[in-house]
Amino acid sequence: MSTDFSWIRPEPHGIHIVPGDCWVDPSRAVAKALVTHGHADHARGGHGQTVATPETLAIMKLRYATSDGATPVAYGETIKLPGGVDATYIPAGHVLGSAQILLEHAGERVIVTGDYKRRADPTCPPFEATPCDIFVTEATFGLPLFTHPPIEGEMAKLLKRLAAHPERCVLVGAYALGKAQRVIAELRRAGHRDPIYLHGALEKMCRLYEEHGVGLGELRLVADHTKEDMRGAIVMCPPSALNDRWSRRLPEPITAMASGWMRVRQRARQRNVELPLVISDHADWSELTRTIAEVDAYENWITHGREDALLRWCQLHQRRARALALVGYEDEDD
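Throughout what follows, the structure given in this document is the object of discussion. It should be emphasised that the depicted structure is a prediction, and the values quoted were computed from it without experimental measurement.

**Some details on the overall build of the protein**
What the protein contains, in helices and strands, is seven helices and 19 strands. On C-alpha atoms alone, the protein measures out to a radius of gyration of 20 Å, which is about the 20 Å that the 2.2 N^0.38 rule sets for 334 residues. Principal-axis analysis of the C-alpha atoms places the extent of the protein at approximately 65 × 45 × 30 Å. When each of the 334 residues of the protein is scored for burial, the buried share is 56%. Across the protein, the fraction of contacts at a sequence separation of at least 24, relative to all contacts at a separation of at least 6, is 60%. Carbon and sulfur atoms form 48% of the exposed surface of the protein, whose accessible area is close to 13500 Å². Of note, the protein has its 39 positive side-chain charges centred 5 Å away from the centre of its 44 negative side-chain charges.

Encoded structure:
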């Protein structure tokens, strides 16, 4: 096995595909960008050409008003990049449209995962483990203490609290892209058929998900309804609105938050969260290590997260690994 891989370089502002001067998830504007998904720490406007799944391009158009130079690539489709590099987009299971990007050049295979999870999610296709020579993995929850519980239990906890307080509402803080829609879809799967009320900041993204075939049931805007209407209801909002003046229009809200970080009690206390819901759109520790073992790459590149523990795990299991110093990657409230 060659240890060169000089055609692909991790640089502070993204992964550089040298032969074609292309970049994966660059944090600054470039001539040609390959984008894994629509979260702001991976996607941005201003690129000359943006290559992504149709769903990611739609998300970027909504969030960043980007449409010039958009080049859609379907899952499983391979496109030719300059310099003899092939790129194939493979489901990552993170959010709608999220993809791993398989890059092939001179007989070598590199996968850049972006963000990913291994749990089933009714809002996007599941992650596909794909053999490669270099595996670029996130490590957002790269510590052994992070073990995400089954989402069915978290939904049951939410619905039980709602049933116990029919005179109040449960206000769930959830990230606007991916998490809010997943929580709604999982509530529907758990049998909750009542209308769910939305903060205005969530409406357009929920409608975009519906336009791409993700059923979310009846959704209503908080602004269009009275406090009495929302008694005994679930209300969704961005995390920033949980303790905002906006919430005063709600009937004695029980504050909840859906995030993998709710495993850490201090984080829940800092946000004044009464009902922490441990729901993550990232792989937990056991899923990160299982994925590295399944992919069985010659070398693993670890980024944006708790790299040290995952590096140590790789060393203990005789797997080559290195940490990347990429800038601009954040947790985005998971």
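Past the structure itself, the notes keep going.
**Some thoughts on the packing of helix α2 (residues 151–164) against helix α3 (residues 179–189)**
Where α2 meets α3, the axes come as close as 10 Å, and the angle between the chain directions of the two elements is 80°. Considering the angle they form, α2 stands roughly perpendicular to α3. Where α2 abuts α3, its residues Ile 151, Glu 152, Met 155, Leu 158 and Leu 159 lie against Arg 182, Val 183, Glu 186, Leu 187 and Arg 189. Here the contact of α2 with α3 is composed, by residue class, of six nonpolar, no polar and four charged.

**Some details on the sheet that holds strand β11 (residues 134–139)**
Overall, mixed pairing links the seven strands, which are arranged β7-β8-β9-β10-β11-β18-β19 in an open sheet. Looking along the sheet, the strands with just one partner apiece sit at the ends: β7 (78–81) and β19 (320–323). The average angle at which neighbouring strand axes cross in this sheet is 25°, direction not considered. In this structure, strand β8 (residues 85–91) lies alongside strand β9 (residues 99–105), joined through six bridges in antiparallel fashion. Each bridged residue has a counterpart across the sheet, and for Tyr 89 the counterpart in β9 is Ile 101.

**Some points on the sheet that holds strand β14 (residues 219–221)**
Judged by pairing direction, the sheet is parallel, and its six strands sit side by side in the order β14-β13-β15-β12-β16-β17 without closing on themselves. Each having just a single partner strand, β14 and β17 (275–277) make up the two edges of the open sheet. Averaged over all pairs of adjacent strands, the angle between strand axes in this sheet comes to 30°, irrespective of strand direction. As paired strands, strand β13 (residues 196–198) and β14 are joined by three bridges and run parallel to one another. Bridging from a neighbouring strand, Ile 196 pairs with Leu 219 of β14. α2 contacts β12 (169–173), β15 (234–237), β16 (253–258) and β17 of the sheet and is inclined by roughly 155° relative to β17.

**A short note on the side chain of Thr 36**
In this structure, Thr 36 sits in the loop between β4 (32–34) and β5 (49–52). Residue Thr 36 is classed as buried on the basis of its relative accessible area of 1%. Each residue touching Thr 36, except ones within four places of it in the same chain, is listed here: Val 24, Asp 25, His 42, Thr 56, Gly 97, Ser 98, Ala 99, Ile 101, Val 112, Thr 113 and Gly 114.

**Some points on helix α4 (residues 200–211)**
Across its 12 residues, α4 extends 18 Å between first and last C-alpha, which sits within 8% of the 16 Å expected from 1.5 Å per residue. By the burial criterion, the buried members of α4 are Leu 202, Met 205, Cys 206, Leu 208 and Tyr 209. On an axial view of α4, the arc spanned by its buried residues comes to 155°, and they lie on one face. Relative to its buried face, α4 has exposed residues pointing more than 90 degrees away, namely Lys 204 and Glu 211. Buried positions along α4 lie against α1 (54–64), α3, β13, β14 and β15. One or two positions beyond α4, positive phi appears at Gly 213, with a value near 90°.

**Re unusual backbone geometry**
With a phi angle near 45°, Glu 252 is a residue other than glycine that sits in the positive phi range. By the secondary structure assignment, Glu 252 is in the loop between β15 and β16. Positive phi outside glycine occurs at Gln 318, with the angle close to 55°. Tracing the backbone shows Gln 318 in the loop between α7 (307–316) and β19. Taking relative accessible area as the criterion, Gln 318 reaches 70% and is therefore assigned exposed.

**Remarks on the packing of aromatic side chains**
Under the definition given, this model contains six aromatic pairs. Arranged with centres 4.5 Å apart and planes meeting at 45°, the rings of Phe 141 and Trp 261 form a pair that is tilted. Pair noted here: Phe 141 is in the loop between β11 and α2 and Trp 261 is in the loop between β16 and α5 (265–270), with a separation of 120 residues, a long-range link. With a centroid separation of 5.4 Å and 90° between ring planes, the pair formed by Phe 146 and Trp 261 is classed as edge-to-face. Taken together, the residues span a long stretch of sequence, with Phe 146 in the loop between β11 and α2 and Trp 261 in the loop between β16 and α5 at a distance of 115 residues. For Phe 146, a relative accessible area of 3% puts it in the buried group. The exposure class of Trp 261 is buried, given its relative accessible area of 5%. In textbook terms, an aromatic cluster arises when at least three aromatic residues are bridged by ring pairs, as seen for Tyr 116, Phe 127 and Phe 135. Here the basic side chain of Arg 267 rests over the ring of Trp 261, its NZ or CZ set 4.1 Å away from the ring centre.

Analysis parameters
Residues numbered from 1 in each chain as written. Predicted model: local features only at pLDDT ≥ 70, side-chain atom pairs only at ≥ 80, totals over all residues. Heavy atoms only, no water. Helix = DSSP H or I, 4+ residues; strand = E, 2+ residues; numbered from the N terminus. Rg over C-alpha atoms; globule rule 2.2 N^0.38 Å. Buried < 20%, exposed > 50% of the residue type's maximum accessible area, 1.4 Å probe, protein only. Contact = heavy atoms within 4.5 Å. Areas by Shrake-Rupley, 256 points an atom, 1.4 Å probe, with all protein chains shown as cover. Lys, Arg positive; Asp, Glu negative; His and termini not counted. Charge placed at Lys NZ, Arg CZ, Asp CG, Glu CD. Axes fitted to C-alpha atoms, helices over the stretch in contact; angles between N-to-C directions. Parallel < 35°, antiparallel > 145°, perpendicular 65-115°, else oblique. Nonpolar A, V, L, I, M, F, W, Y, C, P; charged D, E, K, R; others polar. Pairing = 2+ DSSP bridges. Expected span 1.5 Å × (residues − 1). Arc of directions from axis to C-beta. Phe/Tyr/Trp six-rings, centres within 6.5 Å; stacked < 30°, edge-to-face > 60°. Lys NZ or Arg CZ within 6 Å of the ring centre and 35° of its normal.

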